[in-house]
Amino acid sequence: MKAEIQAIARMKSDFPTKFGIPRQSGLVEELRSTIVFEPDFRNSDALRGIEGYSHLWLIWQFSEAVRKDWSPTVRPPRLGGNTRMGVFATRSPFRPNSLGLSCVRLLGVEDTAEFGTVLHVGGADLMDGTPIFDIKPYIAYGDSHPEALGGFTDHAGDFLLHVNFPDNLLNRIPHDKRQALLGVLSHDPRPSYQRDPVRVYGLTFAGCNIRFTVNDDTLTVTEVTPS
């Protein structure tokens, strides 16, 4: 039996493409996004009481990773992109139903003339335009498990880099977007299997094209231009 679901909202974020988006929600708390509801779901009654929560669960679609076929194994970035693990033991976007799950911080609820009631959130890992299928409140007494084991992620290390962002280039980034961009770059947006120190990578964020290189544990921004 096939189940049909429809998007209730879409994400408005600073990422026009998937490259550079943090690998997990909450890694870069400075990221700011807005959830805009589809016309059929712009009913403020559906959000009554949501302002009492600090965090929300989002169920959404990896819209750039939809495939007809699926593979039982994937190559997680945290293992260098070379080791295969079972798809259900990872958070890979390449899944049978291409569904994503993210926990975001609720920053505010705003009534707008153009889009009705919208939700402002922090720490989201969603591309601009991503369809959202459901929103649920994060409830600490049931959702928080401090004793939880992290599987292979507990032993895979991290991707944190030192970011060298010259002031003359950083000043081209909107002031309120700078800390978020620095956080995104520090988490190493490159594919895990790419380690070429002379290769120039490109990332589009908040209306800017950012080019950079990575040598050992230092990321250096080399160019910033309008997108």
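Whatever comes next refers back to the structure up there.
Reading guide: rules and limits
Residues numbered from 1 in each chain as written. Predicted model: local features only at pLDDT ≥ 70, side-chain atom pairs only at ≥ 80, totals over all residues. Heavy atoms only, no water. Core = buried A, V, L, I, M, F, W, Y, C linked by side-chain atoms within 4.5 Å. Buried < 20%, exposed > 50% of the residue type's maximum accessible area, 1.4 Å probe, protein only. Helix = DSSP H or I, 4+ residues; strand = E, 2+ residues; numbered from the N terminus. Contact = heavy atoms within 4.5 Å. 1 Å grid on protein atoms, 1.4 Å probe; cavity = no way out; pocket = protein on both sides within 12 Å on 5 of 7 lines; lining within 4 Å. Points joined across faces, edges and corners; volume = space filled by probe spheres on them. Nonpolar A, V, L, I, M, F, W, Y, C, P; charged D, E, K, R; others polar.

Q: Is there a simple way to think about the nonpolar core in this case?
A: The nonpolar side chains of soluble globular proteins are, as a tendency, buried together. Judged by nonpolar contacts, the single largest core of 26 residues is most densely connected at Phe165 and Leu185. Mapped onto this core, the elements with two or more residues apiece are helix H2 (167-170), helix H3 (178-186), strand S10 (201-205), strand S11 (208-215) and strand S12 (218-226). Discounting residues that sit within four places of it in the chain, Phe165 has contacts with Leu170, Ile173, Leu181, Leu182, Leu185, Val221 and Val224. Counting 20 residues, the second largest nonpolar core, distinct from the first, contains Phe37, Leu58, Ala65 and Leu119.

Q: How do you make sense of the environment of Phe37 when you look at a structure like this?
A: Here Phe37 lies in strand S2 (residues 32-37). Apart from the residues lying within four places of it in its own chain, the contact partners of Phe37 are Ile8, Ala9, Arg42, Leu47, Thr117, Leu119 and Ile135.

Q: Any chance you could explain the layout of surface pockets here in plain terms?
A: Empty space among the atoms becomes apparent when a probe as large as a water molecule is rolled across them. Counted as a void, the second largest pocket has a volume near 270 Å³. In terms of lining residues, the second largest pocket is bounded by Ala3, Ile5, Gln61, Val66, Arg67, Pro96, Asn97, Ser98, Leu99 and Phe133. Within the lining of the second largest pocket, the residues separate by chemical class into six nonpolar, three polar and one charged.

Q: I would appreciate a short explanation of empty space enclosed by the protein in the present structure.
A: Taken as a whole and assessed by the stated rule, the structure comprises one cavity of 30 Å³ or more. When its volume is computed, the largest cavity comes out at roughly 40 Å³. Taken together, Ser13, Asp14, Phe15, Leu31, Arg32, Ser33, Ala124, Leu126 and Phe205 make up the full set of residues lining the largest cavity. Tallied by class, residues from the lining of the largest cavity come to five nonpolar, two polar and two charged.

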